[in-house]
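Listed below are the residues making up each chain.
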Amino acid sequence: MGLEDLYREIILDHYRSPRNRGELESPPALRVEGYNPLCGDEIVVYLVVEDGVVADLKIGGQGCSISQSSASMMSAAVKGRTVAEARAVIRAFKGMMSIHEQRLDADGQPEPAGATGAGDGDAVQLGDLEALQGVVRFPVRIKCATLSWNTLQQGLDDAVAAGAGAGG
Amino acid sequence: MAGGTMTGLDVATIRKDFPILDRAQADGRPLVYLDSAASSQKPQAVLDAMDHYYETTHANVHRGVYTIAEQATRLMEEARDKVARFVGASSSREIVFAKNGTECLNLVAHSWGRANLRPGDAVLLSEIEHHANLVPWLILREQLGFELRYIPLGQDGHLDLADLDRLVDGVRLVGITAMSNVLGTLTPVRRIADAAHAAGAVVVVDGAQYAPHLVTDVTELGADFFAFTGHKLLGPTGVGVLWGREELLDAMPPFLGGGEMIRDVRLDGFTPNELPWKFEAGTPPIAETIGLGAAIDYLQGLGMEAVREHEVRLTAYAMRTLTARHGDDLRIFGPSEPAQRGGVVSFAYKDVHPHDISQVLDQAGVCVRAGHHCAKPLMRRLGVGATARASFYVYNDESDVDALADALDATSDLFC
């Protein structure tokens, strides 16, 4: 289990050159904070949902290479998508990150991404995000990878509750 | 057992006493253990003491009249006597066992605090406290409505005592760590305690990082309560120690209720047991307490002066070596003078997140802590989210520091 499984080149690329990094004026943007109590990492997701679409999204806060690259890839994956599509990506990603008993039985090998968790019957293509699959082999770091995703999920819930996600 | 000599600790011999250090990790990597501030490793003598107890003597304590029950009680109370001598207590009645240092501080907050603190009172802590000496007081403040004040962090990792007289004015209790688990700072406990006592306050000292590494004399420190934990002191997990001045403990109401802590129970009330059992509800961690006694025997075999001297020398070597090898890329937090700190070196390396540093170091078998070290207010004060931290004990030597310095190069190769 070498470090190259964890620190794939595309992860380091997103870490060194994060996408959608910054802030949005809030309001009108929703501002949602997420914390990893284990290590003190903090992430801020700025989110604009219009007509059921993630119209804009920025990532603030600070954290390790895994949490920062995961947030960067997430932003690229959901920006411009509908709320429903974004939720499907979240489900698929969290499915990839979860350690089910079956997987432990299968010697800890993660199932192929895209085959899991979409829930609506459509396999979701995770693309670059599959690079984060190796994180599952470093269980302590899973919370790093999922921090931004849980924060986005909270943001989408808030947006829908506020009515901005109509149609989503 | 390895002994202390005039020339310091014989680390090569000491390492042979620690089974976990005497072998490589399962995958062949060496184990370079630099996280003793989180939890120390255990010498064979501690493991043997606990095994021997379970194999020959186990029974519940303070109950049975048969032989092994009496022996178990005697072994546990002998361990209490060892702890009392170790911290300079005037009586074993002043030694209360709980499950860890955190529970000991909660005991003081919830027993002494509830009985003595009122709205309008003030409690003084410091900005560098571990959550264990912060959160119990924050919880209690929500319930009782007293004022919390903080001694600020000043220059070079030291507390700023310039306003101490004003800060202690009207304070009922002062809670202070004797040694920062992040900065390594040895705090001026005695000076703070003297000011607190002059103001009529009691002083509770968090000794979790102090007691394992320095000669502890609770009277010399000026403490009224002193809390620490066994597992950072070569002992097992599951046992913590609260020393308290007998007249204070005597006047305090019980904390947890149940068996062992009572003298009589009626349907309409109870009479608490005498000290120290008044504060030990339920079956105590018997084997762990015996293990802690064996750990104290081991440390005293080395000599606490020799332990301290070894750690000052190794900390100085670490600060010198890391700075020489990595220059401005590496920032060490806390006092610049090794004699003013314990064997804890927190650092930042370039812009690499501590999690990533720790992950890369692990590839070389180097174990350091990465995170906020349960001191989030201090992290905010330092302007960082987290630090990496190497910490030393009797089984570490220069080769461990060199392994850390080497492994940091790999961190640089990957992230910079």
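Structure first, text after, so check above.
Here is a short report on the structure shown in this document. Small disclaimer: the values here were computed from a predicted structure and weren't measured.

Attention now goes to the nonpolar core. Formed by 127 residues in total, the largest nonpolar core has its most connected members in Val174, Val205 and Ile290 of chain B. Considering each element in turn, this core owes the most residues, 10 residues, to helix α10 (residues 286–302) of chain B. When near neighbours in sequence (up to four residues on either side) are disregarded, isoleucine 290 of chain B contacts Ala49, Met50, Tyr53, Leu75, Met76 and Ala79 of chain B. With 47 residues, the next largest nonpolar core counts Ile43, Ala88, Ala92 and Met97 of chain A among its residues.

Taken together, the contacts link 13 residues of chain A with 15 residues of chain B. Elements represented by at least two residues in the side of chain A that touches chain B include exactly α1 (3–6) and β2 (41–50) of chain A.

With that settled, the discussion passes to the sheet that holds strand β10 (residues 240–244) of chain B. Residues and elements named next belong to chain B. The strand order across the open sheet formed by 7 strands is β4-β10-β9-β8-β7-β5-β6, and the pairing between neighbours is mixed. Here the strands that pair on one side only, and so sit at the sheet edges, are β4 (95–98) and β6 (147–151). Each neighbouring strand pair of the sheet contributes to a mean axis angle of 20 degrees, computed without reference to strand direction. Relative to strand β9 (residues 225–229), strand β8 (residues 202–206) runs parallel, the two being bridged by 3 bridges. Note that in β9 the partner of valine 204 across the bridge is phenylalanine 225.

Since the α-helix advances by 3.6 residues per turn, residues separated by three or four positions end up pointing in the same direction. Residues and elements named next belong to chain B. Spanning 17 residues, α10 covers 25 Å between terminal C-alpha atoms, matching the ideal 24 Å at 1.5 Å per step. Within α10, 14 of the 17 residues are buried, leaving the element largely enclosed by the surrounding structure. Glycine 303 lies just past α10 and shows a positive phi near 95 degrees.

All names here are of chain B. Where helix α3 (residues 67–87) contacts α10, the two axes come as close as 8 Å, and the packing angle between them is 40 degrees. One element, α3, and the other, α10, form an angle in the oblique class. Viewed along their axes, α3 and α10 form a crossing whose handedness is left-handed. In contact with Ala72, Leu75, Met76, Glu78, Ala79, Lys82, Val83 and Phe86 of α3, α10 contributes Ile286, Thr289, Ile290, Leu292, Gly293, Ile296 and Asp297. Among the residues making up the contact of α3 with α10, the classes are represented as 10 nonpolar, 2 polar and 3 charged.

Residue and element names in this part refer to chain B. A sheet is described by the order of its strands in space; here 4 strands give the open sequence β13-β14-β17-β16, paired in antiparallel fashion. A single partner strand is all that each edge strand has here, and the edge strands are β13 (330–332) and β16 (369–371). Mean inter-strand twist for the sheet, computed between neighbouring axes without regard to direction, equals 30 degrees. Sheet topology places β13 next to strand β14 (residues 344–349); 3 bridges connect them, and they run antiparallel. In the sheet register, leucine 330 faces β14, and the bridge partner there is tyrosine 349.

What follows covers the environment of glutamine 154 of chain A. For glutamine 154 of chain A, the location among the structural elements is in helix α6 (residues 142–161). Through-space distance from the C-alpha of glutamine 154 of chain A to that of cysteine 144 of chain A is 16 Å; in sequence the pair is 10 residues apart.

Those residues of helix α2 (residues 9–16) of chain A not exposed but buried are Ile11, His14 and Tyr15 of chain A. For α2 of chain A, the buried positions fall inside an angular range of 105 degrees around the axis, keeping them on one side.

On to unusual backbone geometry, then. With an omega of -10 degrees, the peptide bond running from serine 26 of chain A to proline 27 of chain A counts as cis. Relative to the elements of secondary structure, proline 27 of chain A occurs in the loop between α2 and β1 (30–36). Across the junction of leucine 275 of chain B and proline 276 of chain B, the peptide omega takes the value 0 degrees, indicating a cis bond. Note on placement: proline 276 of chain B falls in the loop between β12 (269–272) and α10. Phi at asparagine 20 of chain A takes a positive value of approximately 55 degrees, unusual for a residue other than glycine. With respect to the secondary-structure elements, asparagine 20 of chain A resides in the loop between α2 and β1. Unlike most non-glycine residues, histidine 373 of chain B shows phi in positive territory, near 55 degrees.

On a regular strand, each side chain points to the face opposite its neighbour's, so the side chains alternate between the two faces of the sheet. All names here are of chain B. When you tally the buried positions in β10, you get 5 out of 5 residues, the bulk of the element. Of the two faces of β10, both are covered, the one formed by Gly240, Leu242 and Gly244 as well as the one formed by Val241 and Trp243. Examined bridge by bridge, β4 and β10 share 4 bridges and lie antiparallel to one another. Note that in β10 the partner of alanine 98 across the bridge is glycine 240.

Cut-off values and rules
Residues numbered from 1 in each chain as written. Chains lettered and ligands numbered in written order. Predicted model: local features only at pLDDT ≥ 70, side-chain atom pairs only at ≥ 80, totals over all residues. Core = buried A, V, L, I, M, F, W, Y, C linked by C-beta atoms within 7 Å. Buried ≥ 20, exposed ≤ 12 C-beta atoms within 10 Å, placed from the backbone. Helix = DSSP H or I, 4+ residues; strand = E, 2+ residues; numbered from the N terminus. Contact = placed C-beta atoms within 7 Å. Pairing = 2+ DSSP bridges. Axes fitted to C-alpha atoms, helices over the stretch in contact; angles between N-to-C directions. Expected span 1.5 Å × (residues − 1). Parallel < 35°, antiparallel > 145°, perpendicular 65-115°, else oblique. Left-handed = near helix turned anticlockwise from the far one by under 90°. Nonpolar A, V, L, I, M, F, W, Y, C, P; charged D, E, K, R; others polar. Arc of directions from axis to C-beta.

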